[in-house]
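These are the residues of each chain, in order.
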Amino acid sequence: MADRVTVIGWDGSPLTAAARSALSAATLVAGAAHHLALPEVPERAERIRLGSVDLAARRIAVHRGTAVVLADGDPGFFGVVRTLRDPRHGLEVEVVPAVSSVAAAFARAGMPWDDARVVVAHTRTLRRAVNVCRAHPKVAVLTSPGAGPAELALMLDGVHRTFVICEALGTEREQVTVLTSDKAADLTWRDPNVVIAIGGSAPAPAGGGWLLGPDPGPVRGWGLTPDAYDDEPAPRNAPPGTGASPAPGSPPPRTGESPALRAAQLARLGPRVGDLVWDIGTGSGAFAAEAARFGAAVIAVDADPAACARAEAAARRCGVQLQAVPGRAPSVLERLPEPDVVRVGGGGADVVAACADRRPERIVTHAGTRDEAEAVGAALAAGGYTVECALLQSVDLDPAAWSERDRSVAFLIAGRRPAP
């Protein structure tokens, strides 16, 4: 019975001597149709059309003879090697690699890719792959049927990207197309393909990189004061992001821009790569910029166009990008894509209830009074969320005299959707 399998990567170029030698001794060969049609595959060998790698591994495990698996590109890079090495199958894996399809795609485009994100898009992960394309200026997407260039373009509605679409790499049908994302949805594309999504406002790293993937950015620390994110920050007593102006003659609340509150809100939401964050009532844009620094896609919403501009400026200063949408909640939320986590900077229980209707995993907001906090908590509970509430107080001191310079008090209300 087979306890060893040789995995051969194929990128369209002639097979190496090691690959030809392994194939010549094979009694079982698994691969896609174009792999099995290669002249080096022995006529006498049993052939398995590779669909489910797990099923193929089971057949290889009980095969009496020598097994070879053919795969496109580097089979150890988002490829079949991971499944074949599953301890359940008891297989010893030897790999003969080739150039990965991602490396080949960037080579066709004539671009470096050490600063790119690489994601795999299946029907079940398509939304998260799209969120990565929203959040990062250079992303390679390994597509699959039902999660290809057209689907990516449709879900990126409102976000402009340039697509480099590489179809059938390494074959006689290879084709490379460059177009804007809004045009990709109108065309039919051949599988498999690789999509390079390029665009956004985040600057490219200067000089040579040192880290695979995006650079960490110029800003260090979290929960910073607004002036860390904007050269001309909003006044410290600016209203907390509802987009509405305070009543004439009344002092506006200050809790929404407290760095300590923002840090606590980020901790409750835990934004991460692949998430889409709504920041409703973005205010200074500091929360939106910090969420984007975690790698999440962010939509910053505010009725005040100046607040949207501040959010975009904060993102540029941090070397990240976000989408700013002017409009008043809750009506503006109807046209936004589904969120994973939501921060409500203002608007009260009505906006929180509208967000809860979209079923994000977590929602966080704040209130200035106990009555407001109770109303928000009731809205979250009615939406099926587990509610947490804490009273936060932060005091900003002048270290020269150790005197109080500013004080902020707020109720922090967080809702967590129970796991299904």
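You'll find the structure just up there.
What counts and how
Residues numbered from 1 in each chain as written. Predicted model: local features only at pLDDT ≥ 70, side-chain atom pairs only at ≥ 80, totals over all residues. Heavy atoms only, no water. Helix = DSSP H or I, 4+ residues; strand = E, 2+ residues; numbered from the N terminus. Salt bridge = Lys/Arg side-chain N within 4 Å of Asp/Glu carboxyl O. Pairing = 2+ DSSP bridges. Right-handed = clockwise from strand over helix to strand, strands pointing away. Buried < 20%, exposed > 50% of the residue type's maximum accessible area, 1.4 Å probe, protein only. Arc of directions from axis to C-beta. Contact = heavy atoms within 4.5 Å. Core = buried A, V, L, I, M, F, W, Y, C linked by side-chain atoms within 4.5 Å. Polar contact = N/O pair within 3.5 Å; in protein donor to acceptor, adjacent residues only side chain to side chain. Phe/Tyr/Trp six-rings, centres within 6.5 Å; stacked < 30°, edge-to-face > 60°. Axes fitted to C-alpha atoms, helices over the stretch in contact; angles between N-to-C directions. Parallel < 35°, antiparallel > 145°, perpendicular 65-115°, else oblique. Left-handed = near helix turned anticlockwise from the far one by under 90°. Nonpolar A, V, L, I, M, F, W, Y, C, P; charged D, E, K, R; others polar.

K.L.:
Outline unusual backbone geometry, listing residues and values.
P.N.:
For the bond running from Ala329 to Pro330, omega is 10°, close enough to zero to count as cis. With phi around 55°, Phe78 is a residue other than glycine that occupies positive phi space. Relative to the helices and strands, Phe78 is located in the loop between β4 (67-72) and α4 (81-84). Located in the positive-phi region is Trp402, a residue other than glycine, with phi close to 50°. Mapped onto the secondary structure, Trp402 falls in the loop between β16 (386-398) and β17 (403-416).

K.L.:
Any details on the pattern of salt bridges? Residues and values, ideally.
P.N.:
Applying the stated rule across the entire model yields 20 salt bridges. A salt bridge links Arg58 to Asp54; the shortest N-O distance between them is 2.8 Å. With Arg58 and Asp54 both in helix α3 (residues 53-61) and four residues apart, this pair spans about one turn of that helix. Salt bridges sharing common partners tie together Arg127, Arg128, Arg272, Asp275 and Asp340.

K.L.:
Please set out the pairing of strand β6 (residues 117-120) residue by residue, giving values where relevant.
P.N.:
Pairing analysis gives four bridges linking β6 to strand β7 (residues 138-142), with the strands arranged parallel. Of the residues in β7, the one forming a bridge with Val118 is Ala140. What joins β6 to β7 is helix α6 (residues 126-135), and the crossover it makes is right-handed.

K.L.:
Could you give an account of helix α12 (residues 348-356), naming the residues involved and the relevant values?
P.N.:
Since there are 3.6 residues in each turn of an α-helix, residues three or four apart along the chain are aligned in direction. Among all positions of α12, only Val351, Val352, Cys355 and Ala356 are buried. Buried positions in α12, seen along its axis, are confined to an arc of 140° and lie on one side of it. The elements touched by buried residues of α12 are β11 (276-280), β14 (341-344), β15 (362-367) and α13 (370-382).

K.L.:
Got a sec to walk through the nonpolar core? Specific residues and values, please.
P.N.:
Residues Tyr229, Val277, Phe287, Ala291, Val298, Cys318 and Leu322 are the most contacted members of the largest nonpolar core, which totals 29 residues. When residues of this core are traced back to their parent elements, those giving at least two are α9 (259-269), α10 (286-293), β12 (297-302), α11 (305-318) and β17. The greatest single-element share of this core, amounting to six residues, is contributed by α10. In terms of nonpolar packing, the next biggest core, distinct from the first, is built from 27 residues, Trp278, Val351, Ala373 and Tyr385 among them.

K.L.:
Describe the side chain of Arg358, and please don't skip the residues or the numbers.
P.N.:
With respect to the helices and strands, Arg358 occurs in the loop between α12 and β15. Judged by its relative accessible area of 19%, Arg358 is buried. In this structure the side chain of Arg358 is engaged in a polar contact, spanning 2.7 Å, whose partner is the backbone oxygen of Leu333. At 2.5 Å, the side chain of Arg358 and the backbone oxygen of Leu336 are in polar contact. When sequence neighbours within four positions are dropped, the list of residues in contact with Arg358 reads Trp278, Leu333, Glu334, Leu336, Pro337, Glu338 and Pro339.

K.L.:
Please set out helix α5 (residues 101-109) residue by residue, giving values where relevant.
P.N.:
Along α5, the positions that sit buried rather than exposed are Val102, Ala103, Ala104, Ala105 and Phe106. At the exit of α5 stands Gly110, carrying a positive phi of roughly 70°.

K.L.:
Explain the packing of aromatic side chains residue by residue, including any values.
P.N.:
Inspection of every chain in the model, using the stated rule, returns four aromatic pairs. Look at Phe77 and Phe78: their rings are 5.1 Å apart centre to centre, the planes differ by 75°, and that puts the pair in the edge-to-face class. Judged by relative accessible area, which is 29%, Phe77 ranks as partly exposed. For the ring pair Phe77 and Trp113, a centre distance of 6.4 Å and an interplane angle of 70° mean the geometry is edge-to-face. With Phe77 in the loop between β4 and α4 and Trp113 in the loop between α5 and β6, this residue pair connects regions lying 36 residues apart in the sequence. Members of the aromatic cluster, joined through ring pairs, are Phe77, Phe78, Phe106 and Trp113.

K.L.:
Give me the packing of α9 against α10: which residues, what numbers.
P.N.:
At their nearest, the axes of α9 and α10 sit 11 Å apart, and the two run at 40° to each other. Looking at the two axes, α9 sits oblique to α10. Pair α9 / α10 crosses with right-handed handedness. Between α9 and α10, the residues in contact are Arg262, Gln265, Leu266 and Leu269 and Ala286, Phe287, Glu290 and Ala291, respectively. Looking at side-chain class alone, the contact of α9 with α10 contains five nonpolar, one polar and two charged residues.

K.L.:
Tell me about the sheet that holds strand β5 (residues 92-96), residues and numbers included.
P.N.:
Spatially, β3-β2-β4-β1-β5 is the arrangement adopted by the five strands of the open sheet, whose pairing is parallel. Across the chains shown, the open sheet's two edge strands, defined by having one partner strand only, are β3 (46-49) and β5. Averaged over all pairs of adjacent strands, the angle between strand axes in this sheet comes to 20°, irrespective of strand direction. Across three bridges, the pairing between strand β2 (residues 28-31) and β4 is parallel. In the strand pairing of β4, Val29 is matched with Val68. Sitting on the sheet, helix α1 (residues 17-24) is in contact with β1 (4-10), β2, β4 and β5, with an inclination near 135° to β1.

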